[in-house]
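Here is how the chains run, residue by residue.
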Amino acid sequence: MLRFNAARKFKILQLTDIHWKMGSTQNKRISSLIHSILSVEKPDLVVLTGDFVHSTHETKEACREVTTPMIQRGIPWAAVIGNHDDEGDLSRLDLMNCLESLPLSLTQKGPAELGGTGNYRLAVHLQESDEVGAWLYFLDSFSNSPLQSRGIGGYAWITHEQIAWFRSLHASTETT
């Protein structure tokens, strides 16, 4: 369970665009840098916000390796998939299943009826009770534009359905 500390603080370290590639000579340097940042910042949660793995035929192993620094230090972590993470050998759903299965992962697939994989929220509880002090929302921004056949290329975006889902969850927390 995520909790604010006694000083009512909660530190999140965001790591994005790591592009971990199996066999890359950069991996050792990236891992060392992550370990250094974890040592200095001492986060309560690490959030991987996309493109943490690079196109690979060993995506499961890449996910294990990129999360090893958090796992070794006992730091919970969560992730959302970026627009490049599923360009390897795993679909977005398979990648999410892999991420959910790793130690200390708080990553979730989210509601099946909502478009995307990885729409979820996490509660951060107050130190002195089980009361929720903050909600952290995670949204899948998909991969490529769904309108490419109509000449609208580039990357995808958050949908109206996701916004409605967020608003509904947010409204339900305001009344509790």
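Remember, predicted model here, so these are calculated numbers, not experimental data.

Calculation criteria
- Residues numbered from 1 in each chain as written.
- Predicted model: local features only at pLDDT ≥ 70, side-chain atom pairs only at ≥ 80, totals over all residues.
- Heavy atoms only, no water.
- Helix = DSSP H or I, 4+ residues; strand = E, 2+ residues; numbered from the N terminus.
- Rg over C-alpha atoms; globule rule 2.2 N^0.38 Å.
- Buried < 20%, exposed > 50% of the residue type's maximum accessible area, 1.4 Å probe, protein only.
- Contact = heavy atoms within 4.5 Å.
- Areas by Shrake-Rupley, 256 points an atom, 1.4 Å probe, with all protein chains shown as cover.
- Phe/Tyr/Trp six-rings, centres within 6.5 Å; stacked < 30°, edge-to-face > 60°.
- Pairing = 2+ DSSP bridges.
- Axes fitted to C-alpha atoms, helices over the stretch in contact; angles between N-to-C directions.
- Parallel < 35°, antiparallel > 145°, perpendicular 65-115°, else oblique.
- Left-handed = near helix turned anticlockwise from the far one by under 90°.
- Nonpolar A, V, L, I, M, F, W, Y, C, P; charged D, E, K, R; others polar.

Focus on the overall build of the chain
Check the secondary structure of the chain and you find 4 helices and 6 strands. For the chain, the α and β elements follow one another from N to C terminus as β-β-α-β-α-β-α-β-β-α. A compact globule built from 176 residues would reach a C-alpha radius of gyration of about 16 Å, and the chain, at 17 Å, matches this within 12%. Its C-alpha atoms put the chain at 50 × 40 × 25 Å along the principal axes. Across the 176 residues in the chain, those meeting the buried criterion constitute 39%. For the chain, restricting intrachain contacts to residue pairs at least 6 apart in sequence, the fraction spanning at least 24 positions comes to 64%. In the structure as shown, the chain presents an accessible area of about 9600 Å², 53% of it carried by carbon and sulfur atoms.

Here we look at the packing of aromatic side chains
In this description, an aromatic ring pair is defined by two values, namely the gap between the centres and the angle between the planes. Here the structure, examined in full by the defined rule, presents 3 aromatic pairs. With centroids separated by 4.5 Å and ring planes inclined at 5 degrees, the aromatic side chains of Tyr120 and Phe138 adopt a geometry described as stacked. One end of the pair, Tyr120, is in strand S5 (residues 120-125); the other, Phe138, is in strand S6 (residues 132-138), and 18 residues separate them in sequence. Of the two residues, Tyr120 and Phe138, both sit in the buried class. Consider the rings of Tyr137 and Phe166, whose centres lie 4.6 Å apart with planes at 75 degrees: the pair is edge-to-face.

Quick look at the sheet that holds strand S3 (residues 45-49)
Judged by pairing direction, the sheet is parallel, and its 3 strands sit side by side in the order S2-S3-S4 without closing on themselves. At either end of the open sheet lies a strand with only one pairing partner, and these are strand S2 (12-15) and strand S4 (77-80). Taking the axes of each pair of neighbouring strands and ignoring which way they run, one obtains an average angle of 20 degrees across the sheet. With 4 bridges connecting them, S2 and S3 associate as parallel partners. Each residue of the ladder has a partner; that of Leu15, found in S3, is Leu48.

What to know about the pairing of S6
With 6 bridges joining them, S5 and S6 adopt antiparallel strand pairing. Bridge pairing in S6 links Ala123 to Trp135. Counting the residues in the hairpin turn of S5 and S6 gives 6 residues.

Thoughts on the packing of helix H1 (residues 26-41) against helix H2 (residues 59-73)
Following both chains from N to C, one finds H1 and H2 inclined at 30 degrees, their axes separated by 10 Å at the closest point. Taken together, the axes of H1 and H2 are roughly parallel relative to one another. Between H1 and H2 lies a crossing of right-handed hand. Judged by residue contacts, Asn27, Ser31, Ile34, His35, Leu38 and Ser39 of H1 engage Glu65, Pro69, Met70, Gln72 and Arg73 from H2. Looking at side-chain class alone, the contact of H1 with H2 contains 4 nonpolar, 5 polar and 2 charged residues.

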